[in-house]
Amino acid sequence: MDLLVRRCLIPVGLAVAPVGAVISLQGAGLFRMFGAESLLSSLLATAIFREYSPALASVMVAAQAGSSIAARIGTMKVRGQIDALAVMSVDPVRYVVVPGLIACVIVTPLLSVLTTLLGLVSGWFFAVPVMGVDHGSFLANLYAQVSLVDLWVGLGKCMAFGTAVGLIAGFLGLRTTGGATGVGKAANDTVTMTIVLILVADYFVSMLLLSLGV
């Protein structure tokens, strides 16, 4: 968990923080055409809590942590350390895969909470001081729109996506063959597969929640 936080904290923050600024910059002008600038924070909150923060945080965890876990396990595999664990009656999955899986499941939601705050702060900065949206209306609509359901939806997505990252990284790491080339391929395949899975799953989960009225 410590390694994942140190690897992912800054990249995740840099990836999500500008999203709030972009939504505010683009949305302020559009809402102003209809005299509804005060509703900008409602759009910002929904987009950040439910979509952008969970998806981008999970993608960055896949890129940083997933590749690292796959490379570490793959290196152990090609060096024969995984086979040595089996010979010593130590379950390789429990010893080398499960810790990374648990770390991904726990760290991804925590990073999402941080990135949500960064996205809201950057959105507020570009909406209120830069674009001139009223501060009171911005906060009032923000509080009115955000609910615990939005928070739990975002955290639930992160836990599911973090689980996928840990499982795929561990699976591909244990299947590594071919020396250093195989280790690099396992790391690259982990990033590709998890990012595609996260984006596709996020779409279907969002559609399901909308159809259920959640």
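The shown structure was predicted, so the numbers you read here are calculated from the model rather than taken from an experiment.

J.: What should I look at first to understand the side chain of Thr190 in this one?
T.: Residue position: Thr190 is located in helix H7 (residues 179–212). Leaving out residues up to four positions away in the same chain, Thr190 has contacts with Gly66, Ser67, Ala70, Ile168, Ala169 and Leu172.

J.: Just checking my understanding: could you explain the nonpolar core for this structure?
T.: Grouped together as the largest cluster of nonpolar side chains are 26 residues, with contacts concentrated most on Val12 and Val96. Among the elements of the structure, helix H1 (2–33), helix H2 (40–78), helix H3 (81–87), helix H4 (92–130) and helix H6 (148–174) are those that each provide at least two residues to this core. The biggest single contributor to this core is H2, with 10 residues. Those residues within four positions of Val12 in sequence are excluded, and the remaining contacts are Ala57, Met60, Leu111 and Thr115. Of all hydrophobic cores here, the second largest spans 17 residues; its members include Leu40, Ala45, Val128 and Leu142.

J.: I keep staring at the state of the cysteines and nothing clicks. Help me out?
T.: What makes a disulfide is a covalent bond joining the sulfur atoms belonging to two cysteines. Tallying each qualifying case throughout the model produces 0 disulfides. Sulfur of Cys8: no disulfide; nearest cysteine sulfur belongs to Cys104 and is 8.0 Å away. Residue class for Cys8 comes out buried when judged on its relative accessible area of 1%. There is no disulfide at Cys158, and the cysteine sulfur nearest it, in Cys104, is 12 Å away. On the basis of relative accessibility, which here comes to 0%, the residue Cys158 falls in the buried class.

Parameters at a glance
Residues numbered from 1 in each chain as written. Predicted model: local features only at pLDDT ≥ 70, side-chain atom pairs only at ≥ 80, totals over all residues. Heavy atoms only, no water. Helix = DSSP H or I, 4+ residues; strand = E, 2+ residues; numbered from the N terminus. Contact = heavy atoms within 4.5 Å. Core = buried A, V, L, I, M, F, W, Y, C linked by side-chain atoms within 4.5 Å. Buried < 20%, exposed > 50% of the residue type's maximum accessible area, 1.4 Å probe, protein only. Disulfide = S-S within 2.5 Å.

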